[in-house]
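# Observations on chain architecture
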Amino acid sequence: MNLKSISKVFSLKVMLILPVQIILFFLVIVPTILVIWFSITDYHLTFGVDFWNAKIVGLLNFMRILSDMDFIYALSRTISVAVICTAMEFALALLLCLLLSREFAGKGLFYALLIIPLMIPPIVVANTFWLLFTTNGPINQIVSLFLGTDFRISWFSSPSLAMIPIILSEVWHWYPLTFLILYAGMTSVSLSELRAAEILGASDWQIFWRIQFPKIKQVIGIALVIRLMEALKVFDPVYLLTQGGPGTLTETISYFLFKHGYFYGKIAYISAGAWIVLFICLISFSLAFKYVILGGRGEKG
Amino acid sequence: MMKMISPYNSFRKAIKKITKFILLCIVILIIAFPIYWTIATSFKPQLEWVTFPPMWIPKEPTILNYLLIIYGIPGYRARPFPSALPAYLNSLIVSGASTLLGVIVSILAAYATSRFKLGQSFLISALMPRMFPPMAMIIPMLVYFNVLGLTNNYLGFILIYTGFMIPYSILMLKGFMDAVPKELIEAAILDGLSDFKILRKIYLPMVKSGLLPTALFLFILNWTEYAFAMSLFPKIETVPVTLAKLFSNEAGMYYGPQAALGILAIIPPIIIGLLIRKYLAYGFTFGAIKK
C-alpha cells in the first residue's frame, strides 16, 4: 500500500467517525470540562455572575460534599439499591428461564408477556406502582384481605418501607433484560447435549448447573455489568414516588444531584459531587466493558 | 438407557411438569398484575377508582378517562389539564428525528469500526454516554445549553437524544456488519470500488435486515426517556413529561386519566418491542449477545 492510499483511508476513517466525535465532544467532553471548572469555583445560579467569571475556591466544594452525610448516604444507598435490584432480577430471571426450559404449547405467548415491562417508559412504571401502592390502592387492600383487618399503610411516607415500592418497580421494569440475556444464552446450548443428560437421569437443576451454567458464565457477566450500570442511574421512580422522602431517606445519587443542582441551583457544590460520580462510573465501567463485554466478543475486538 | 420407564416414573414426570406450569402461571399472574390494574383503572368511572373491597373488574366500564386525556381535563375540582395530543406530536417529532439521525451517524461509525478495525478505545469512548447517571451531566449542560440557546429547542433535544442513544446502535450495527464476508470486500477492492461505494453497494444491502430493528430499538429508547426531557426541555413536552406533570399536579385526584395516559404511552413501544423481540437482547447488551 503506498503512502497516498494510506492517507486516503485515514481521512475517510476520520470522516466516518467525525459525527460521533463531534456529538461526544458536545455531550461528554464539554460538560466534563465544565463540571471540573464549576467544582473549583463558587458558581451559583442565583448569584447573577457569568460562569466564566466565577470565583475560584479550590477544593472547598470537594471537602464540603465529602463531609455532607446526605451525599455519602445517597451514594451508598444507590450502590446498595443497584446491587439488591440486580440480585433480585437475576434470581427472578433464572427462575423463569428454568421454568421455561422445556418446550410446551403457548411458550411464545408467555415469553412475549414476560418481556413487556422492559419496553414501558420508566415514568409509566413509576405511575403504575404508585397506583398499586397508594394508600387506598390494591396492595394495601390485598394485605387487608389476608389479615382480615383494615390495613392502611402509606408506603411512600414510611421511613422503613418507602424504598420497597421503588426497588420493586425497578425489579419489575428491568428483570426482562436479565431474563432475555440468560434465555438467549441458555437456548444456545445444543439440544442433543441436554437430551443426553436428561436420558442419563439428570435433574433440571443439575442440567442447569453442570451443563448450561459453565457455557453462559460470560453471558451472565455481561448481564450483571449492564444491569448494574443502568441501576446506578435510578431516578424516575424516586422522583415520582417519594421525591427522595421521607426526609432524604430514599434519595439516590441522581436525585441528590437533581435536587441540589436543579432546584437549589448550587451548581458548584453539585459539580464536585458529579465529578466524583463521573470518575467512579467512567473508570469502573470502561474497565468492565473492556474485559467483560468487548473482550467477550471472541476472535476480533 | 439404564433407567426403566415405569408408570411410576412417567407419573412423577407428569406431576413435575404440571407443578412447573402452575408455578409459571402464578409468576406470570403476579408480573402481569401491574399492567392489568392500570388497564382496569383506565376504564373505571371516578366512583370506582377507590373502593373497598377493591374493584377487580370495572363494573361500569367507561372510555371517559381516555376522552379526558385526548380533549383535556376541565378544572372542576383542581386545575384544568390540557389535551395530551401535542405531547404525542412532540414525542413523535423528537424520537423520530433522533432515530433517523442516530441511525445515519451509527452506520458511518459502525462501518468505520467494522471495516478498518479502529480498536477498542474508540468503541469505549463512544460508549461513555451510557456509563454514568445522566443527572451528573445535566447541570453543566443546562448552563451551557442556556448560553448557546439550545434549551427548549428541538435541535438541542434531537442532538442530546442522538448522542446518548447511539452507543447502542453503533455496536448493534457493528455486529451486523462484522458478519459481511471478507472475500466479498476483497473482491470489491479488486474491482476498484471506493470505500464509500463499498459501504453503499455491499455493506448496506447486506445489513438491510438489521437496520429496521436498530432504528426501532433507538425509537423505544428515545420514546421512553424522561430525565433529559424534563430538565433540559420542559417546554417541549413529551409524553413521559406530560404524564409526570399530570401526576405531580393532582396526585391522588386523577387515578383514571393517569392510568389512561399510561396505557396510551406504552402502546407504541410495546408494539415495536414485540416486533423486534428477537433483537432486544442483542440491542440492550450492545451487541454482545447474538440474536
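Just so we're clear, the structure is a prediction, and the values are computed from it rather than from any experiment. (Residues numbered from 1 in each chain as written. Chains lettered and ligands numbered in written order. Predicted model: local features only at pLDDT ≥ 70, side-chain atom pairs only at ≥ 80, totals over all residues. Heavy atoms only, no water.)

Quick look at the overall build of chain A now. Counting its regular elements, chain A contains 12 helices and 0 strands. Listed by position from the N terminus, the elements making up chain A come as α-α-α-α-α-α-α-α-α-α-α-α. A compact globule built from 301 residues should have a C-alpha radius of gyration of about 19 Å, whereas chain A, at 24 Å, is more than 25% larger. Along the first, second and third principal axes, the C-alpha atoms of chain A reach 80 × 75 × 30 Å. When contacts within chain A are restricted to residue pairs at least 6 apart in sequence, long-range pairs at least 24 apart make up 65% of them. Looking at chain A as shown, the accessible area adds up to about 13300 Å², and 71% of this sits on carbon and sulfur atoms. Charged side chains in chain A number 20 positive and 15 negative. The centres of these two groups are separated by 10 Å. (Helix = DSSP H or I, 4+ residues; strand = E, 2+ residues; numbered from the N terminus. Rg over C-alpha atoms; globule rule 2.2 N^0.38 Å. Contact = heavy atoms within 4.5 Å. Areas by Shrake-Rupley, 256 points an atom, 1.4 Å probe, with all protein chains shown as cover. Lys, Arg positive; Asp, Glu negative; His and termini not counted. Charge placed at Lys NZ, Arg CZ, Asp CG, Glu CD.)

A few words on a nonpolar patch on the surface. A grouping of A:V14, A:L18, A:I22, A:F25, A:F26, A:I29, A:I33 and B:L148 is seen on the molecular surface, where their side chains present a nonpolar patch of about 690 Å² in accessible area. When you line up the elements, B:L148 lands in helix α5 (residues 135-148). (Patch = residues over 30% accessible without salt bridge, like charges linked within 9 Å, V, L, I, M, F, W, Y side chains within 5 Å. Salt bridge = Lys/Arg side-chain N within 4 Å of Asp/Glu carboxyl O.)

Turning our eyes to something else, we now look at the confidence of the model for chain A. Considering every residue of chain A, the mean pLDDT works out to 85; 94% of them sit at 70 or more. For chain A, per-element mean pLDDT is lowest for helix α1 (residues 3-39) of chain A, which scores 81, and highest for helix α3 (residues 69-99) of chain A, which scores 93. (pLDDT = per-residue confidence, 0-100.)

Moving on: a positive patch on the surface. Together, B:R12, B:K13, B:K16 and B:K17 make up a region of like positive charge exposed at the surface. Here B:R12 shows up in helix α1 (residues 7-42).

This part takes up the interface of chain B and chain A. Interface size is commonly expressed as the accessible surface area that is lost when the partners come together. In this complex, chain B contributes 100 residues to the contact, which on the side of chain A involves 102 residues. Taking both partners together, chain B and chain A bury about 9200 Å²; carbon and sulfur atoms supply 80% of that area. Our enumeration of links across chain B and chain A arrives at 1 salt bridge. Summed over the shared surface of chain B and chain A, the result is 7 residue pairs in polar contact (both at pLDDT 80 or more). Considering every element that reaches the side of chain B that touches chain A, the biggest residue donor is α1(B), with 15 residues. Grouping the constituent residues of the side of chain B that touches chain A by class yields 76 nonpolar, 15 polar and 9 charged. (Buried area = accessible area lost by both parts, 1.4 Å probe. Polar contact = N/O pair within 3.5 Å; in protein donor to acceptor, adjacent residues only side chain to side chain. Nonpolar A, V, L, I, M, F, W, Y, C, P; charged D, E, K, R; others polar.)

With that settled, consider the nonpolar core. If you look at the biggest cluster of nonpolar residues, it comprises 205 residues, and the most contacted ones within it are A:F179 and B:I160. Considering every element that reaches this core, the biggest residue donor is helix α12 (residues 267-294) of chain A, with 15 residues. Excluding residues that lie within four positions of it along the chain, A:F179 makes contacts with A:A93, A:L96, A:C97, A:L100, A:Y111, A:L114 and A:I115. (Core = buried A, V, L, I, M, F, W, Y, C linked by side-chain atoms within 4.5 Å. Buried < 20%, exposed > 50% of the residue type's maximum accessible area, 1.4 Å probe, protein only.)

All names here are of chain A. Counted under the stated rule, the structure contains 9 salt bridges over all chains. Between E89 and R227 there is a salt bridge, with the nearest N and O atoms lying 2.4 Å from each other. One end of the pair, E89, is in helix α3; the other, R227, is in helix α9 (residues 204-231), with 138 residues separating them in the sequence. Classification of E89 by relative accessible area gives buried; the value is 0%. A residue is classified by how much of its surface remains accessible, and R227, at 1% relative accessible area, is buried.

Of the pockets and cavities examined, the second largest pocket occupies roughly 590 Å³. Lining the second largest pocket we find 18 residues, and of these B:L29, B:I30, B:I31, B:F33 and B:P34 sit closest to its centre. Looking at the lining of the second largest pocket, the elements that each hand over two or more residues are α3, α5 (122-133), α6 (138-147) and α7 (163-187) of chain A together with α1 of chain B. Counting residues per element, the lining of the second largest pocket draws most heavily on α1(B), which supplies 8 residues. Partitioning the lining of the second largest pocket into residue classes produces 18 nonpolar, no polar and no charged. (1 Å grid on protein atoms, 1.4 Å probe; cavity = no way out; pocket = protein on both sides within 12 Å on 5 of 7 lines; lining within 4 Å. Points joined across faces, edges and corners; volume = space filled by probe spheres on them.)

For helix α3 (residues 85-116) of chain B, built from 32 residues, the straight-helix expectation of 46 Å at 1.5 Å per residue is met to within 8% by its first-to-last C-alpha distance of 46 Å. At the C-terminal side of α3(B), B:K117 shows a positive phi close to 50 degrees. (Expected span 1.5 Å × (residues − 1).)

Following the sequence through the fold, A:H260 ends up in helix α11 (residues 253-263). With sequence-adjacent residues up to four places away left out, A:H260 is seen in contact with A:G265, A:K266, A:Y269 and A:I270.

Another aspect to go through is empty space enclosed by the protein. One pass over the structure, following the stated rule, counts 7 cavities of 30 Å³ or more. Roughly 560 Å³ of internal volume is contained in the largest cavity. Of all the secondary structure elements, the ones that give two or more residues to the lining of the largest cavity are α7 and α10 (236-242) of chain A together with α6 (154-178), α9 (208-224) and α10 (227-232) of chain B. Per-class residue counts for the lining of the largest cavity are 23 nonpolar, 3 polar and 6 charged. In this structure, the second largest cavity occupies an estimated 70 Å³ of space. Each residue belonging to the lining of the second largest cavity can be placed in one class, and the counts come to 8 nonpolar, 4 polar and 2 charged.

Once that is clear, we can look at the packing of aromatic side chains. The tally for this structure, following the rule as stated, stands at 45 aromatic pairs over all chains. Taking the centre distance of 6.1 Å and the plane angle of 45 degrees together, the rings of A:Y255 and A:F258 count as tilted. Here A:Y255 and its partner A:F258 are both found in helix α11, 3 residues apart, which amounts to about one turn of the helix. One exposure class covers both A:Y255 and A:F258, and it is buried. Site record: aromatic cluster; members linked through ring pairs are A:F235, A:Y239, A:Y255, A:F258, A:Y262, A:F263 and B:Y226. The aromatic ring of B:W37 is capped on one face by B:K44, whose charged end is 4.0 Å from the ring centroid. (Phe/Tyr/Trp six-rings, centres within 6.5 Å; stacked < 30°, edge-to-face > 60°. Lys NZ or Arg CZ within 6 Å of the ring centre and 35° of its normal.)

Glancing now at the environment of B:V143. Following the sequence through the fold, B:V143 ends up in helix α5. For the pair B:V143 and B:L232, spaced 89 residues apart in sequence, the C-alpha separation works out to 9.8 Å. When neighbours within four sequence positions are excluded, B:V143 is seen to be in contact with A:F38, A:Y43, A:F51 and A:I267.

This next bit is on α11(A). For α11(A), a buried count of 9 out of 11 residues is recorded, marking the element as mostly surrounded by other parts of the structure. Of the residues making up α11(A), those classed as buried are A:I253, A:S254, A:Y255, A:F256, A:L257, A:F258, A:K259, A:H260 and A:G261. Along its buried surface, α11(A) packs onto α2 (60-66), α3, α10 and α12 of chain A together with α5 and α10 of chain B. Residue A:G265 follows α11(A) closely and has a positive phi angle near 65 degrees.

With respect to the secondary-structure elements, B:L159 resides in helix α6. The class for B:L159 is partly exposed, based on a relative accessible area of 31%. Sequence separation between B:L159 and B:V94 is 65 residues; the distance between their C-alpha atoms is 9.6 Å. The contact partners of B:L159, leaving out residues within four places of it in the chain, are A:L27 and B:L101.

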